[in-house]
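The lines below spell out each chain.
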Protein chains: 2
Amino acid sequence: MSENIRIAIDAMGGDNAPSAIIEGSLQALKVRSDFELIFVGDEKRIREELKKYSAESKNVRIVHASETIDMSEHPVNAIRSKKDSSLVIGLKMVKNKEADCFMSAGNSGAVLVGGQLIVGRIRGISRPPFASLIPTEKGVSLLLDCGANVDARPEHLLSFARIGSIYMENVMGVANPSVGIVNIGAEEEKGNALVKDTYPLLKQDGVIRFIGSVEARDIPFGGCDVLVCEGFTGNVILKMYEGTASMLLKNIKKSLMSSLTGKIGGLLIKPSLKGLLTTFDATQYGGAPLLGLNGLVVKMHGSSKAKEVKNTVIQCADFTERKINDKIQAYAQTLQGNANNNT
Amino acid sequence: MSENIRIAIDAMGGDNAPSAIIEGSLQALKVRSDFELIFVGDEKRIREELKKYSAESKNVRIVHASETIDMSEHPVNAIRSKKDSSLVIGLKMVKNKEADCFMSAGNSGAVLVGGQLIVGRIRGISRPPFASLIPTEKGVSLLLDCGANVDARPEHLLSFARIGSIYMENVMGVANPSVGIVNIGAEEEKGNALVKDTYPLLKQDGVIRFIGSVEARDIPFGGCDVLVCEGFTGNVILKMYEGTASMLLKNIKKSLMSSLTGKIGGLLIKPSLKGLLTTFDATQYGGAPLLGLNGLVVKMHGSSKAKEVKNTVIQCADFTERKINDKIQAYAQTLQGNANNNT
């Protein structure tokens, strides 16, 4: 690329900010270095952190922000009142094309509200979803919406299906991705009112490849590229997946440590298990982009450590390089064109 | 007990019927024998299965049913048209006090519809929920509703909280059980419209011990005795839990078998892991009762094997012996009395 990708990073957002944010971002520079890291936040604290590392100064810049939005603040109020927060300044940089993307591990609601109010939505996309890549037995599925729209309507779920298909095709290289709707049974007549109303829309849509209902039990086993649901359900799925895996692995470890043969066995199985744990490590895919904005905004877990931050930086660079937003935009325009032709 | 508990069993329902149903039911007789098993279904097939075992004939009875409701049949139509099905006959036996309870691994929707239409609801309980005990790191939580009411309203969730508290106190012996609402954040203002409207009802209720929102990530770690949500979310939680655990354990096993050191390590860790797997085996708790009917109706997984059937028979006997339904009924009356006093 002729020009470096400019990645604005909320240095103050998340439980482990700013240390893990800066550590992880700098680690990404070791993987690829054709981007500029713009740390947004308290300049003094960022400089102190940066002193610990010997990063190339040409790749790192600081934009000072005097305020921070806390995890518990009311999103709308916070975005409106804290104009000098790292979150608002970072989002404005994307809006003003001073950065190609913005990533934050801060207040999810504020990222969501700020993304829409400041960066703005692509014309034709009324409800941008949070999209998370989740590892499965067969590979990876894109789950959306993961929490941006908790009371979504059928037409929103249809747009999630379309945007998700673009993402999987262009970012993950899946040709003609399959789309399923999360449901509580495999039959078409199963589900709540939202699912029953959405099902025919997905079935009749000529653009996506709809394969029907997917039960939650089958999600970890994979078999579907794009998984569509409203934000409450998506958030529950994502967190049940994380919680169950983390609880089980913790207890397996604990039970092995409780006996000598367990300890020895544990040492022997370590190499075999390592590959498995890497395969099912969700942080390898980085954060959840808010898809459908006039710029890229990515939300990381509040508890993100350096590794997730690093992977999110690389994800941001890939996403920008592959011009995914242009593709979503072009797509939204085509749909609008079709809609106009039909009327 | 002076009189035997009469447990009617749908011998024809489920993927493994009638063999696993009969095998599991007879296994339960080895744990306690103060009940009568009433197999409802095709008499000839049941007799053929029974020939394989040497069960005491005084504990086993057959009630012939010429029809079977399939898993894919429309619940309401099936209940109305198949009057001679094992499901309808079994439910009628509960209605007519010819059996103390009825258990089935058949069509969930038909169990739900039939339970309400044939057995009938306790006065004051408008939406009986499916209640599942789920193993957690700290012990066990009761999750309700697990799929009976997919578009429930706030007042229904309040009744789930109350019924669930009675269940945990009386069946599981938890004094003053804690109640949480499944949510996508810990703060009171988080959630979808249903959760936001239900939260104040639970908070203001003087009967239950409400502890606030519980995020899905924390569910496997426990910390709450009764977990309340509407049926779609509950079903997704239950199935994500099962699916994630089953996928991970399958892949751990597979990865160990892929190398010699893994295989040896696997043998060494087997004793340590066995206890763990027993702890987190959901089938140990039996099926999901449909709480709030004028009799006990329990739904097992469609895929139930002998073990879950056995545990459900024992669960049915315990439930009947402890007169849980009388307690829910007494409770519903008190609430109605209070409601009348308040008006």
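Small disclaimer: the values here were computed from a predicted structure and weren't measured.

Q: Would you mind showing me how to read the sheet that holds strand E8 (residues 209-215) of chain B here?
A: Each strand in a sheet pairs with its neighbour through backbone hydrogen bonds, running either in the same direction (parallel) or in the opposite one (antiparallel). Residues and elements named next belong to chain B. Spatially, five strands are ordered E5-E6-E9-E7-E8 in an open sheet, and the strand pairing comes out mixed. Edge positions in the sheet fall to strand E5 (131-136) and E8, since each has one partner strand and no second. Taking the axes of each pair of neighbouring strands and ignoring which way they run, one obtains an average angle of 30 degrees across the sheet. Looking at chain direction, strand E7 (residues 178-183) and E8 are connected through six bridges and run parallel.

Q: Explanation requested: the side chain of Gln-315 of chain A in the structure shown.
A: Residues and elements named next belong to chain A. Structurally, the position occupied by Gln-315 is in helix H10 (residues 306-321). Among the polar contacts listed, one links the side chain of Gln-315 to the backbone nitrogen of Gly-287, at a separation of 3.0 Å. Other than its neighbours up to four places away in sequence, Gln-315 contacts Tyr-167, Tyr-285, Gly-286, Gly-287, Pro-289 and Val-298.

Q: Mind showing me how you'd approach the packing of helix H1 (residues 19-28) of chain A against H10 of chain A here?
A: All names here are of chain A. For the pair H1 and H10, the least separation of the axes is 7 Å and the interaxial angle reads 50 degrees. In terms of their interaxial angle, H1 and H10 are classed as oblique. The chirality of how H1 crosses H10 is right-handed. Taken together, the residues of H10 that come into contact with H1 (itself represented by Ala-20, Ile-21, Glu-23, Gly-24, Ser-25, Gln-27 and Ala-28) are Ala-306, Val-309, Lys-310, Val-313 and Ile-314. Split by residue class, the contact of H1 with H10 holds seven nonpolar, three polar and two charged.

Q: Whenever I open this one, the relation of the copies chain B and chain A confuses me. Can you help?
A: Mapping chain B onto chain A calls for a screw motion: a turn of 180 degrees about the axis and a shift of 0.0 Å along it, with 0.0 Å RMSD after fitting. With respect to symmetry, the two chain copies, as superposed, fit the operation of a two-fold axis. The position closest to the rotation axis in chain B is occupied by the C-alpha of Gly-265 of chain B, lying 2.0 Å away. In this assembly the copies share their binding face: 100% of the residues contributing to the interface of chain B also contribute to that of chain A.

Q: Explanation requested: the packing of aromatic side chains in the structure shown.
A: For any pair of aromatic rings, the description rests on two quantities: the centre-to-centre distance and the angle between the ring planes. Residue and element names in this part refer to chain A. Counted under the stated rule, the structure contains four aromatic pairs over all chains. Where Tyr-167 meets Phe-319, the ring centres are 5.9 Å apart and the plane angle is 45 degrees; that geometry is what we call tilted. Taken as a pair, Tyr-167 in helix H6 (residues 154-170) and Phe-319 in helix H10 lie far apart in primary sequence, 152 residues in all. Residue classification places Tyr-167 among the buried positions, given a relative accessible area of 1%. Centre to centre, the rings of Tyr-199 and Phe-210 are 5.1 Å apart; their planes meet at 80 degrees, and the pair counts as edge-to-face. Of the two residues, Tyr-199 sits in helix H7 (residues 193-204) while Phe-210 sits in strand E8 (residues 209-215), which places them eleven residues apart along the sequence. Here Tyr-199 matches Phe-210 in class, with each residue buried.

Rules of the game
- Residues numbered from 1 in each chain as written.
- Chains lettered and ligands numbered in written order.
- Predicted model: local features only at pLDDT ≥ 70, side-chain atom pairs only at ≥ 80, totals over all residues.
- Heavy atoms only, no water.
- Pairing = 2+ DSSP bridges.
- Helix = DSSP H or I, 4+ residues; strand = E, 2+ residues; numbered from the N terminus.
- Axes fitted to C-alpha atoms, helices over the stretch in contact; angles between N-to-C directions.
- Polar contact = N/O pair within 3.5 Å; in protein donor to acceptor, adjacent residues only side chain to side chain.
- Contact = heavy atoms within 4.5 Å.
- Parallel < 35°, antiparallel > 145°, perpendicular 65-115°, else oblique.
- Left-handed = near helix turned anticlockwise from the far one by under 90°.
- Nonpolar A, V, L, I, M, F, W, Y, C, P; charged D, E, K, R; others polar.
- Least-squares fit on C-alpha atoms with pLDDT ≥ 70 in both.
- Phe/Tyr/Trp six-rings, centres within 6.5 Å; stacked < 30°, edge-to-face > 60°.
- Buried < 20%, exposed > 50% of the residue type's maximum accessible area, 1.4 Å probe, protein only.

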